[in-house]
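Listed below are the residues making up each chain.
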Amino acid sequence: MAKKYRKTFAERNLIIIIILMWVFLAIVTGGRFSSSLNITNLVRQAAINGVVAVAMTFIIITGGIDLSVGSVVGLSGMVFATMTSSNLSIGMSIPLAIVISLLASAAVGLVNGIAIHDGKVPPFIATLGMMTAVRGLVMYISNGRMITGLPKEFKAFSSADFLGLPALAWTWIVIAVIAGLVMKYTKFGRNLYAIGSNPEAARLSGINIRLNMYFFYIVGAVLCGIAGLMLSTRLASGVPTAGQSYELDAIASVVIGGASMTGGVGTALGTVLGALIIQTIKNGGNLMGIDPFIMQMVIGAIIVLAVFFDTFFKSRGRRPKIFGKGKKVNAAQ
Amino acid sequence: MKKFLVLLVLALVAVSTFAAYEIAFIVKATDSDFWQYTIVGAKNAEYDLDGAINVTVYGPPSESDIDQQIAILENVVSTMPDAIVMSSTSSDAPSAILNDAYEAGIPIVLIDNFVYDTGYTAFLATDNAKGGSLAADLLVKNLEDRGIALEGKIGLISAMAGVQVLVDRDDGFKARMAEIAPDLEILPTRYIDNDIAKGANATEDLLIANNDIVGFFADNNHSGDGVARVIEEQGLGEKVIAVAYDSDPLEVEAVKSGALKGLIVQDPHGMGYKGVMFAFMALKGEAFPSYFDTGVYVITPDVVDESTGILDPFTRQRY
Amino acid sequence: MPEKFGEVALKIEKVNKEFPAVKALTDVSLEVRKGEVRALVGENGAGKSTLIKIVTGAYTKDRGDLYICGKQIKRNSPLISKNMGVYAVYQAVMLAKDLTVAENFFLGAQPGKGGFINWKKMYAESEKFMKDLGLDIPVRKNLSELSVAESEMVTIAAALWHNPEVVIFDEPTAMLTKSETKILFRIIKELKEKGIAIIYISHNLEEVFQVCDTITILKDGMVVDTVPSNTLDEESLIPLMVGREISEMYSKKEFEPGKEILRVENLSGEKFTDISFSVKRKEILGFFGLVGAGRTEIARAVYGVDKIQRGTIHINGNEVKIKKPNDSLKNGLGYLPEDRKDLGLFLPQDVDFNINIINYERSINAGIINYRKTAKLADEYIEKLSIKVGGPFQKVSELSGGNQQKVIIGRWLAKNPDVLIFDEPTVGIDVGTKSEIYKLFGKILEQDKGIILISSYFPELLGMSDRVIVISNGRVAGEVERKDFSEELLLTLAMKYYSNADLKEEVLNG
Ligand SMILES: Nc1ncnc2c1ncn2[C@@H]1O[C@H](COP(=O)(O)OP(=O)(O)OP(=O)(O)O)[C@@H](O)[C@H]1O
Ligand SMILES: [Mg+2]
């Protein structure tokens with residue numbers, strides 16, 4: 001008979017990879033990598049892309065893709081800067097400006113959801129259009145110029161620490177943990193996987209695809225809005241080009257994190273680890289003074305290899321033996 | 001449709017301002033302060049000439065859209081303007097189109113970036129290598145003033161790989177450094193995709209990797225913003241001397257706060273203004289130099305307050 | 001083996017295959033000769049498909065030897081096995097859906113010169129080939145334009161096109177109509193006469209006895225026995241497969257029907273008109289009709305998957321508006337679709353997910369899912385339907401075809417709605433579990449619920465239903481009480497609204 005099946009912990013391999021990378025870097029950089037200042041830097045550097053990647057995880061699990069994430073990052077930061085800058089006349093309070101920035105982001109998500117679900121426009125196309133249009137909107141709001149004069153408390157957030165970790169990193173961690181719990185432990189999360197695995201079967205299971213799709217794209221966009229705010233505290237300004245091409249690192253993080261572009265597969269934890277791996281390569285490369293062009297090649301190779309190993313071992317019906325021993329089976333027939 | 005509307009508007013404008021010269025002003029990108037400044041210059045020239053010319057501005061959203069800029073140029077040429085003032089992103093791609101227009105008698109004024117294999121009326125640019133060497137001078141002077149020995153390392157943060165203007169700046173900087181401070185090692189260049197956050201990341205990483213860094217050179221405004229942000233956050237203003245190229249509001253703030261010790265600033269307003277003026281002079285048959293260095297300014301903390309017009313040409317907007 | 005067959009075409013020796021959670025094959029040995037039709041039978045998850053996939057090179061074996069036409073195959077792959085003349089027809093169509101039938105035949109070897117394809121030749125040759133097989137399928141159509149059954153016939157034809165030595169059929173008839181099944185059996189006979197070795201996998205034992213010469217029984221990945229088919233019958237075969245006797249396959253409990261629970265009045269949709277029927281509590285209402293008569297479409301409309309043009313649905317005497325599946329679920333109506341893989345399965349997810357997706361309300365507390373509770377429910381149905389799985393958290397993609405089906409059946413049994421529509425519930429399910437499912441029908445009725453059973457399999461339909469509604473060409477052709485059940489009557493009614501005389505003849509003969 002079938003042996004009791006132990007739950008696979010897909011993220012284990014990623015954790016092992018990160019540990020190996022960190023140990024390696026700590027050794028070759030003579031401990032500079034593992035200094036607490038650098039680890040602090042690393043998680044803060046990873047935080048903004050990390051939040052965008054968590055947003056992208058939702059979308060990729062639905063089987064879609066969101067190319068407009070970077071533009072939403074730019075939009076939210078720019079809206080916030082416009083609302084609060086002391087150089088401009090509006091001078092809104094920080095909390096209210098945050099709410100408005102996130103509402104603007106949510107609106108983008110809603111339009112994406114409508115175009116994709118009701119308009120039947122493929123996600124790639126719908127969000128490609130949205131990416132361009134929203135970036136145009138950002139340029140329009142700002143006249144293509146940077147906005148400075150943000151409130152002091154807001155700017156201070158990016159360098160603030162809490163329990164030894166930067167506030168930006170905490171923001172990321174809290175978002176990722178909540179996203180992970182929602183995906184795993186709520187009906188909403190289960191609907192996400194159901195729709196991503198088989199939309200027609202999900203519909204027959206009584207799941208309201210329309211509302212859920214709207215919701216996923218809105219959640220994704222709001223998370224990008226938060227990332228936009230994080231970026232503008234880091235930049236201490238609203239920058240019209242902020243967030244440009246962020247979709248690429250986000251997609252890479254999600255895919256390295258084990259998600260499948262065909263939908264139905266992926267976790268917040270995997271994505272967080274994926275984002276950490278990418279940032280570790282960049283940070284480590286800088287520390288080791290590796291040629292930046294070689295670093296680009298390495299990151300490209302890692303994205304493809306991650307997906308390759310994933311599908312390779314899945315298709316062969318076995319797990320990579322290099323990481324821990326394969327599951328032993330008793331011949332108890 | 002859109003093109004048609006543009007043509008219609010152009011035609012109307014042409015009729016209403018009878019005999020005014022049509023001057024097409026094509027920028028590399030519309031999404032950055034620098035090109036917005038050149039536009040201010042061009043529009044100021046239009047204002048000053050008081051009805052003698054009409055300046056129409058064109059440009060792709062981003063500097064990476066080279067083919068879009070070419071398409072724009074083609075469309076502009078087909079409307080047969082009286083003169084074209086262009087800052088081309090590519091030094092080769094528009095050659096044939098520009099040359100045809102030039103042969104057809106349209107004065108061509110190149111600004112900022114040269115284009116090979118085409119006839120042209122005038123070329124106005126900044127000597128970027130010279131700007132780089134001025135940055136080196138400024139950096140070393142600041143070190144000397146503080147009594148910091150001219151040894152250790154210098155970080156070089158470049159906005160993007162493969163952009164000629166930036167390569168010239170970096171080379172100019174490196175060459176001058178080798179002359180005046182040969183013991184300062186310049187670290188391998190870090191490229192940041194013109195992304196401020198990535199600029200900050202690279203700066204943080206270089207500071208961790210090398211505890212003997214005494215200075216940074218950032219070769220445009222976004223790389224300068226990134227460097228400044230880290231120096232500000234870590235309070236390194238007196239230990240690490242950072243000098244950057246270009247100007248934007250964040251850089252100006254950084255100079256005021258001391259995070260940056262100086263900016264090498266071109267004269268985008270002058271480029272736009274003089275570019276249009278040269279085109280006008282060509283149409284009028286007046287004489288002017290075929291090459292003109294629009295020059296660079298060195299903005300240090302002590303002059304920053306008086307340099308608003310250079311740092312933010314929008315304040316010079318007359319129209 | 002008897003001498004009447006030719007030499008050994010396929011030989012498997014002590015083959016072993018282990019998956020992370022299960023040992024799928026243990027020392028399996030097998031010899032199939034030219035001109036022999038060999039049945040491979042066994043419970044869901046016994047290892048039949050795995051064995052086939054090792055022969056075709058889709059899986060690699062852990063140990064053991066494989067010989068095709070006397071040649072040992074050390075390293076196998078789908079390409080190598082094809083070159084050796086082994087072709088398999090899986091249930092899932094494995095052809096290029098956006099190419100024409102003809103192109104699929106010629107794939108990789110299109111006729112023509114200098115890179116130009118000779119379309120005329122291609123169409124002519126493939127048309128002739130189809131006609132010779134007795135198939136009436138347009139070769140110029142794209143595969144995606146054909147019905148499931150048609151494209152499966154094309155898959156079979158494409159295999160034969162390549163002059164195979166060994167042809168393997170893995171549950172080929174599950175999606176076929178009666179007449180197509182007939183064609184298939186005729187083709188198998190012709191192949192046999194040509195001296196081709198055939199392996200035939202099916203859970204339909206009647207078919208097995210009809211077409212196969214010898215039967216190999218697999219159980220838990222091991223060969224139980226290989227016997228000539230004429231030395232035993234269904235009754236004596238079943239215990240070898242499931243390890244126990246099944247005294248009564250269709251164990252129907254008789255109940256006094258209760259109050260009417262679902263009534264459908266004058267329902268019209270795209271493929272059916274004026275459908276009226278009702279289901280009482282403690283009653284199984286059978287639905288009969290030819291393939292394509294509209295039974296599935298009616299079920300889908302009632303459940304709210306497809307749009308209704310006219311008509312009303314009443315539950316417990318009250319009219320309800322059903323616009324989407326969620327509405328019917330809320331009204332206590334459930335639907336187990338026929339195409340369970342495409343309309344039911346969440347393939348990347350685990351068994352727990354697949355069973356609980358419509359049952360989370362049982363394990364949610366304050367919005368938080370309790371996975372101990374979900375797993376308990378999943379375990380319950382793994383047990384009840386003897387789903388062969390390592391536990392609730394194994395991915396359904398790692399389950400055998402029949403076990404995947406069982407998972408979806410379990411999902412609906414767990415939901416236990418007031419009225420449950422079963423659309424061909426036992427296709428692909430092994431006999432042991434079939435009889436368990438029929439027993440569970442009784443348990444459902446006991447709880448004062450109603451069942452609608454759509455089935456094309458007479459023994460099942462007649463064995464389990466209290467009443468049968470016959471659908472003919474999208475209309476209700478009649479209603480038959482249990483006491484009047486006969487295959488002839490049902491078939492006659494089923495043809496009432498078809499004018500096509502040929503069709504009548506064909507079905508009556510079939
Ligand atoms: N890719 C896989 N990964 C893990 N386990 C697998 C995989 N494929 C098959 N198995 C397991 O191997 C066993 C045999 O499966 P197989 O598909 O051969 O059964 P089968 O006899 O064809 O059953 P069915 O009648 O249901 O089609 C099952 O327990 C199944 O769970
Ligand atoms: Mg099978």
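Just so we're clear, the structure is a prediction, and the values are computed from it rather than from any experiment.

**Thoughts on the overall build of chain A**
Looking only at helices and strands, chain A features 13 helices and two strands. On C-alpha atoms alone, chain A measures out to a radius of gyration of 21 Å, which is about the 20 Å that the 2.2 N^0.38 rule sets for 333 residues. Viewed in the frame of its principal axes, chain A has a C-alpha envelope of about 80 × 60 × 35 Å. Scored against the burial criterion, the 333 residues of chain A give a buried share of 55%.

**Section: the interface of chain A and chain B**
The accessible area lost on association of the parts is a frequent measure of interface size. With 38 residues of chain A at the contact, the number on the chain B side is 35 residues. Summing the contributions of chain A and of chain B, the shared interface buries around 2,900 Å²; its carbon and sulfur component is 48%. Where chain A packs against chain B, one counts three salt bridges. For Glu 204 of chain B, the salt bridge identified is with Arg 234 of chain A, shortest N-O distance 3.4 Å. Our count for the contact surface shared by chain A and chain B stands at 21 residue pairs in polar contact (both at pLDDT 80 or more). Looking at the side of chain A that touches chain B, the elements with two or more residues in it are helix 2 (36-61), helix 10 (209-235), helix 12 (268-288) and helix 13 (292-315) of chain A. Examining the composition of the side of chain A that touches chain B, we find that six residues originate from one element, helix 12 of chain A, more than from any other. Its residues assigned to classes, the side of chain A that touches chain B shows 14 nonpolar, 18 polar and six charged.

**Points about the sheet that holds strand 5 (residues 71-72) of chain C**
Residue and element names in this part refer to chain C. Taken in spatial order, the four strands line up as 2-1-4-5 in an open sheet, and their pairing is antiparallel. Both outer strands of the open sheet, strand 2 (22-33) and strand 5, are each paired with one neighbouring strand and no more. Where strand 4 (residues 63-68) lies against strand 5, two bridges are found, and the strand directions are antiparallel. Opposite Ile 68, over in strand 5, you have Lys 71 as the bridge partner. Packed onto the sheet, helix 1 (residues 48-56) meets strand 1 (8-19), strand 2 and strand 4 and runs at close to 115° relative to strand 1.

**As for helix 10 (residues 268-284) of chain B**
Residue and element names in this part refer to chain B. Between its first and last C-alpha atoms helix 10 spans 24 Å; for 17 residues at 1.5 Å apiece the expected length is 24 Å, and the two agree. For helix 10, the set of buried residues is Pro 268, His 269, Gly 270, Met 271, Gly 272, Gly 275, Val 276, Met 277, Phe 278, Ala 279 and Phe 280. Just downstream of helix 10, Gly 285 is the residue with a positive phi angle, here 75°.

**A few points about the side chain of Asn 44 of chain C**
Residue and element names in this part refer to chain C. Looking at where Asn 44 falls in the secondary structure, it is placed in the loop between strand 3 (37-42) and helix 1. The exposure class of Asn 44 is buried, given its relative accessible area of 5%. In this structure the side chain of Asn 44 is engaged in a polar contact, spanning 3.0 Å, whose partner is the backbone oxygen of Gly 428. Ignoring sequence-local partners within four residues, the contact set of Asn 44 consists of His 203, Lys 388, Ser 400, Gly 402, Asn 403, Lys 406, Gly 428, Ile 429 and Asp 430.

**A word on the site of ligand 1**
Residue and element names in this part refer to chain C. Around ligand 1, 21 residues are found, and the nearest of them are Gly 45, Ser 49, Thr 50, Ser 400 and Gly 402. Here an oxygen atom of ligand 1 sits 2.6 Å away from a polar atom, N or O, in the side chain of Ser 400. Within the complex, the protein chains bury 93% of what would otherwise be the 640 Å² of accessible surface of ligand 1. Elements with a contribution of two residues or more to the shell around ligand 1: strand 2, helix 1 and helix 14 (401-415). When grouped by side-chain class, the residues that make up the shell around ligand 1 number six nonpolar, 10 polar and five charged. Formed jointly, the shell around ligand 1 draws a minimum of three residues from each of two domains, domain 1 (8-248) and domain 3 (343-416).

**A few points about the sheet that holds strand 14 (residues 275-280) of chain C**
All names here are of chain C. Taken in spatial order, the four strands of this open sheet run 14-13-16-17, and their pairing is antiparallel. Edge positions in the open sheet fall to strand 14 and strand 17 (318-320), since each of these has one partner strand only. With strand direction ignored, the average angle separating the axes of adjacent strands in the sheet is 20°. As paired elements, strand 13 (residues 260-268) and strand 16 (residues 310-315) share five bridges and run antiparallel to each other. Opposite Ser 268, over in strand 16, you have Arg 310 as the bridge partner.

What counts, and where the lines are drawn
- Each chain has its residues counted from 1, running along the sequence as written.
- Following the order in which they are written, the chains are lettered starting with A and the ligands numbered starting with 1.
- This being a predicted model, a pLDDT of at least 70 is required before a residue's local features are given, and a value of 80 or more before pairs of side-chain atoms are given or counted; all residues contribute to the totals for chains, interfaces and linings.
- Side-chain descriptors were evaluated using all non-hydrogen atoms of the structure, hydrogens and water having been removed beforehand.
- A helix here means a DSSP run of H or I that spans at least four residues, while a strand means a run of E at least two residues long, and both kinds are numbered starting from the N terminus.
- The quantity called the radius of gyration is restricted to C-alpha atoms. Its globule counterpart is 2.2 Å times the number of residues to the power 0.38.
- Residue burial is assigned from relative accessible area. The probe radius is 1.4 Å, only protein chains are included, and a residue is buried under 20% of its type maximum, exposed over 50%, and partly exposed in between.
- Working rule for contacts: check all heavy atoms of both residues, and any pair within 4.5 Å makes them a contact.
- Once two parts are put together, the accessible area they lose, assessed with a 1.4 Å probe and summed over both, is termed the buried area.
- The term salt bridge refers to a pairing of a side-chain nitrogen on Lys or Arg with a carboxyl oxygen on Asp or Glu at a separation within 4 Å.
- What qualifies as a polar contact is a pair of N or O atoms within 3.5 Å, subject to a donor-acceptor requirement within protein and to the restriction that residues adjacent in sequence count only when both atoms come from side chains.
- In this classification, Asp, Glu, Lys and Arg are treated as charged, Ala, Val, Leu, Ile, Met, Phe, Trp, Tyr, Cys and Pro as nonpolar, and every other residue, Gly included, as polar.
- For two strands to be treated as a pair, DSSP must find at least two bridges joining them.
- Fitting a line to C-alpha atoms yields each axis, with helices limited to the stretch in contact; the angle taken between N-to-C directions then spans 0 to 180 degrees.
- Here the expected span of a helix is defined as 1.5 Å times the quantity of residues minus one.
- Note on definitions. A residue lies near a molecule or strand when any single heavy atom of the residue is within 4 Å of it.
- The protein chains shown are the only cover counted for residues, whose accessible areas, like all others here, come from Shrake-Rupley with a 1.4 Å probe.
- Segmentation into domains, and thus their bounds, comes from an automatic or database assignment.

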